[in-house]
Amino acid sequence: MAASNTRTLRFVLLAFFTIAVLFKVYSSTYVSTAKTSIIPVEQIISQQNGSPSSPSTADGATSPGSVSSDQTPNTSNSLPPAVHSGERANATFITLARNNDIWEIAKSIRQVEDRFNRKFNYDWVFLNDKPFDAQFKKITTALVSGNTKYGLIPKEHWSFPDWIDQDKAKKVREDMAQRKIIYGDSVSYRHMCRFESGFFFHHPLLLDYEYYWRVEPSIELYCDVDYDVFRFMRDNKKKYGFVLSLYEYVETIPTLWDSVKAFMKEYPQHIHKDNAMAFLSDDDGNTYNHCHYWSNFEVGSLDFWRGQAYTDFFNKLDHDGGFFYERWGDAPVHSIAAGLLMSKDEIHFFNDIAYYHVPFTHCPTTESDRIKLKCTCNPKDNFDWKGYSCTSRHFDVMGLEKPDGYQNQMD
């Protein structure tokens, strides 16, 4: 009985000792680690830059600024500059958005900043038919590397003009809704198309700029853009740049070309002698083939839109009423104006700016371009050479050689 009690006592003492040791190990290893502060981002940046303020390391550890013998150094001379030096063009990004677009436009801004603007820090102008709220301003200001500006669209630029018969316009919307024409029943979409066609470049926040890049919510950029797009436009005397082109919905513009032909007859002095009519028409202007540049991406000259030729062009279309009696979009309006009122050499296809806006993608055709530009787009998604694209026609009209392998991306 005594021996049994002795064994029991020894077992209890051994268990107690084991528990004490485990508690000591746990408290010293895990509890103390859990209380360690998260390393501030500034300290991480300082360490990676090899700053003298970096904390010392234990014996045998690699110091923050050094590279161990089994690593390949990436020296500062091999890295691109964080911000490009040199002159900037007088330019800005422009976005038409509403407060509830904030998270989709935030994604677009992040795409543009990461691929381009973090290196150039251009301004960004946001326009809305309602005042922007504090959250929209706070988020977008934090994301944009340049200055941000927020403007309210004047009521007269976002409403029915006096000459529009609103009962007639309403019947048109009801008819289009029954025929299931996209945005056919939308009043706000028509105001947007009219504003983008005739007024955005007159907004006070844009009057001091010469060039713009239009950015919409939910877009993606798939390749790095390491040169200054705006300076390219300026230095090469380009006035309109695009990445996607396609045929317009015929049901939305049945009389648009009639208005265009009336304009050409009334204002022959505005039609450029070296125009791109062949992009717009297959019969020297008698009919419209419905090709247009997709204007949700465009880089352009604000001075061109503010000029007398385009002013006369827009005023003619506006008074004909097709923005409301039909559903004229800003894309065909801009495209026809560019094709007729400027030299075709002033229109530029940005092959190196890979872009997505639902449902279409522009992805550089050749693999060498995609590798060089660090692209992430799938070439199988490239819309350029599909049957519904007008980009092949643009190449033919401009006398451009099509890239190697384009045949493999056709329908």
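Provided above is the structure to which this section pertains.
Small disclaimer: the values here were computed from a predicted structure and weren't measured. (Residues numbered from 1 in each chain as written. Predicted model: local features only at pLDDT ≥ 70, side-chain atom pairs only at ≥ 80, totals over all residues. Heavy atoms only, no water.)

Chemist: So what exactly am I meant to see when it comes to the sheet that holds strand 3 (residues 148-152) here?
Modeler: Adjacent strands of a sheet pair through backbone hydrogen bonds, lying either parallel or antiparallel. Reading across from one edge, 3-2-1-4-9-6-10 is the order of the seven strands in this open sheet, with mixed pairing throughout. Two strands close off the open sheet at either side, each with one partner strand: strand 3 and strand 10 (347-349). Neighbour-to-neighbour, the strand axes of this sheet turn through a mean angle of 20°, independent of strand direction. Sitting on the sheet, helix 6 (residues 187-198) is in contact with strand 1 (91-96), strand 2 (123-128) and strand 4 (211-214), with an inclination near 165° to strand 1. Where helix 15 (residues 391-398) meets the sheet, its contacts fall on strand 6 (240-242) and strand 10, and the angle it forms with strand 10 comes to roughly 130°. (Pairing = 2+ DSSP bridges. Helix = DSSP H or I, 4+ residues; strand = E, 2+ residues; numbered from the N terminus. Axes fitted to C-alpha atoms, helices over the stretch in contact; angles between N-to-C directions. Contact = heavy atoms within 4.5 Å.)

Chemist: What is the right way to read the packing of aromatic side chains from this model?
Modeler: The relation between two aromatic rings is expressed through the spacing of the ring centres and the mutual angle of the planes. The full count for this structure, using the stated rule, is 49 aromatic pairs. Seen from their ring centres, F314 and F323 are 5.9 Å apart, and the 45° between their planes marks the pair as tilted. Classification of F323 by relative accessible area gives buried; the value is 1%. Stacked on the ring of Y325, the Lys or Arg K168 has its end atom at 4.1 Å from the ring centre. (Phe/Tyr/Trp six-rings, centres within 6.5 Å; stacked < 30°, edge-to-face > 60°. Buried < 20%, exposed > 50% of the residue type's maximum accessible area, 1.4 Å probe, protein only. Lys NZ or Arg CZ within 6 Å of the ring centre and 35° of its normal.)

Chemist: Please explain the environment of F323 as it appears in this structure.
Modeler: Here F323 lies in helix 12 (residues 322-325). Along the chain, F323 and L256 lie 67 residues apart, while their C-alpha atoms are 9.5 Å from each other. Leave out the neighbours within four places in its chain, and F323 touches R190, C193, R194, S197, F314, L317, D318, W328 and V333.

Chemist: Help me out: how do you make sense of the nonpolar core in this one?
Modeler: Nonpolar side chains tend to gather and get buried jointly when the protein is soluble and globular. Among the nonpolar cores identified, the biggest contains 60 residues, and F200, W305, Y310, F313, I336 and L341 are the most heavily contacted of them. Beyond its immediate sequence surroundings of up to four residues, L341 is in contact with F263, H270, I271, H272, F304, A309, Y310 and F313. Formed by 38 residues, the second largest nonpolar core is a distinct cluster that contains Y211, V215, I219 and L244. (Core = buried A, V, L, I, M, F, W, Y, C linked by side-chain atoms within 4.5 Å.)

Chemist: How should I be thinking about the state of the cysteines in this particular structure?
Modeler: Disulfides are covalent bonds that connect the sulfur atoms of two cysteines. Counted according to the given criterion, the structure contains three disulfides. Between the sulfur atoms of C223 and its disulfide partner C375 the distance amounts to 1.9 Å. The sign of the S-S torsion, about 115°, decides the handedness of the disulfide formed by C223 and C375: right-handed. Separated by 152 residues along the polypeptide, C223 in the loop between strand 5 (220-221) and helix 7 (229-235) and C375 in the loop between helix 14 (367-372) and helix 15 bring together distant segments of the chain. The buried category is assigned to C223, whose relative accessible area is 1%. (Disulfide = S-S within 2.5 Å.)

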